[in-house]
Amino acid sequence: MAVLRELREHAPRLKTALIDPSPYHYDQPDWVRVATEGADKEQTRRRKMFELPPGVVWIRDAVQKIDPDAQVLATGSTGEVAYEAVVIATGVETRWDRIRNLADALGTNGICSVYGYEQAASAWEMIRSFPGGRALFSAPSSPYKGGNAPLRILHRAEDQWRERGVRSQAEILFATAINEDYAGEQYAELVARDAQGDRVRVYFGYELLEVRPDRYEAVFNVSKGVSLTQDVVRYDLIHVVPPMRPPSVIETSPLAYQVGPTRGFLEVNPDTLQHRRYPNVYGVGDVIGVEAEKTGERARRQARQVARRLRDHPAFS
């Protein structure tokens, strides 16, 4: 939508189409407010028809295959759609299934997450009614949307508990799969509080593998240097950031990185956002394989950049 709006303003004569089956646009960053402030989840969802710029053809269908050599997109029921240039902005999918028992247990037994329209409202119910105990927050090793959202959720939940007078009864644990050497400044405050004994503990190298709802336990793979062990951590409330992957139409296509830490994500030049082998393919947002945080603000900057490049693309000159 951001790319289309930019093109409408700066290259209004281009023929543009949106291929997307969903009737709604979700303001996903606001799900943090839903989960930690009780904001109305309905306010984070808008009908796409009211946001579509004039002149854009909306093909309400799903792309099932991309043939970048033939410059054709195969859809579910519309048929093939040819293009001179294509912008891939599919985002990523939350893979609840990659953590054992998580999909069926979400919203029960103290297990919550803001990474879903329904789940965010459930997380608010759990956070606001938390009476104290052990609150565990996790973050995966795979790229995830929201940037520092896992820490932001922790801090906002903690603010809620202070307001309700239960913070002194709470022990806060933060388990992240990243190595301590790569933690960066965003973790410095938590690490300092851990060292001061402020009822905060930080676990580095902890990748969530399984939840055991009936026992209120989380099972982690623990990576320390070359060693790999497992640890079981008890909780009263756990907020999970699930693993996230590109949709299979991208992950299994020739447009994706085939090896490395961004395997399955769209292969683009981080400076131009053009595909490295198909210069008429562009990427925006969470689906692209770049070493940067996946945030809404970054995606909006990318949209402006891609729109400028499309305006000057040789096919449209």
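Everything here concerns the structure above.
Small disclaimer: the values here were computed from a predicted structure and weren't measured.

*Asks:* Is there a simple way to explain the overall build of the protein chain in this structure?
*Replies:* When its secondary structure is counted, the protein chain shows eight helices and 19 strands. Taking 317 residues into account, the globule formula puts the C-alpha radius of gyration at 20 Å, and the protein chain, at 21 Å, falls close to it. Overall, the protein chain is about 65 × 45 × 35 Å in size when its C-alpha atoms are taken along their principal axes. Across the 317 residues of the protein chain, 48% fall into the buried class. Taking contacts inside the protein chain between residues at least 6 apart in sequence as the whole, the part at least 24 apart equals 60%. In the structure as shown, the protein chain presents an accessible area of about 15,800 Å², 46% of it carried by carbon and sulfur atoms.

*Asks:* Help me out: how do you make sense of helix 8 (residues 296-311) in this one?
*Replies:* Residues spaced three or four apart along an α-helix face the same direction, because each turn holds 3.6 residues. For helix 8, which comprises 16 residues, the first-to-last C-alpha distance of 23 Å matches the rise-based estimate of 22 Å (1.5 Å per residue) to within 8%. Considering only its buried residues, helix 8 is in contact with helix 1 (2-10), strand 8 (86-88) and strand 19 (281-283).

*Asks:* Just checking my understanding: could you explain the pairing of strand 14 (residues 206-212) for this structure?
*Replies:* One face of the sheet, then the other: side chains in a regular strand alternate in exactly this way. Of the pairings in the sheet, the one linking strand 14 to strand 15 (residues 217-224) comprises six bridges and is antiparallel in character. Bridged to Tyr206 within strand 15 is Val222. Hairpin connection from strand 14 to strand 15: four residues lie between these consecutive antiparallel strands, with Tyr216 at a positive phi of about 55 degrees.

*Asks:* What's the story with the packing of aromatic side chains in this structure? I'm lost.
*Replies:* By convention here, two paired aromatic rings are described through the distance between centres and the angle between planes. Enumeration over the complete set of coordinates arrives at ten aromatic pairs. Where Tyr26 meets Tyr117, the ring centres are 5.3 Å apart and the plane angle is 65 degrees; that geometry is what we call edge-to-face. Note that Tyr26 is positioned in strand 2 (residues 24-26) and Tyr117 in helix 4 (residues 117-128), a separation of 91 residues in sequence. The exposure class assigned to Tyr117 is buried, which follows from its relative accessible area of 10%.

*Asks:* Explain unusual backbone geometry here, please?
*Replies:* Trans is the prevailing form of peptide bonds, just as negative phi is the prevailing case for residues other than glycine. Residue Asn109 is not a glycine yet carries a positive backbone phi of 50 degrees. On the secondary structure map, Asn109 appears in the loop between helix 3 (102-105) and strand 10 (111-112). Of note, Leu273 is a non-glycine position whose phi angle comes to about 65 degrees, a positive value. As for its placement among the helices and strands, Leu273 is situated in the loop between helix 7 (248-251) and strand 19.

Analysis parameters
Residues numbered from 1 in each chain as written. Predicted model: local features only at pLDDT ≥ 70, side-chain atom pairs only at ≥ 80, totals over all residues. Heavy atoms only, no water. Helix = DSSP H or I, 4+ residues; strand = E, 2+ residues; numbered from the N terminus. Rg over C-alpha atoms; globule rule 2.2 N^0.38 Å. Buried < 20%, exposed > 50% of the residue type's maximum accessible area, 1.4 Å probe, protein only. Contact = heavy atoms within 4.5 Å. Areas by Shrake-Rupley, 256 points an atom, 1.4 Å probe, with all protein chains shown as cover. Expected span 1.5 Å × (residues − 1). Pairing = 2+ DSSP bridges. Phe/Tyr/Trp six-rings, centres within 6.5 Å; stacked < 30°, edge-to-face > 60°.

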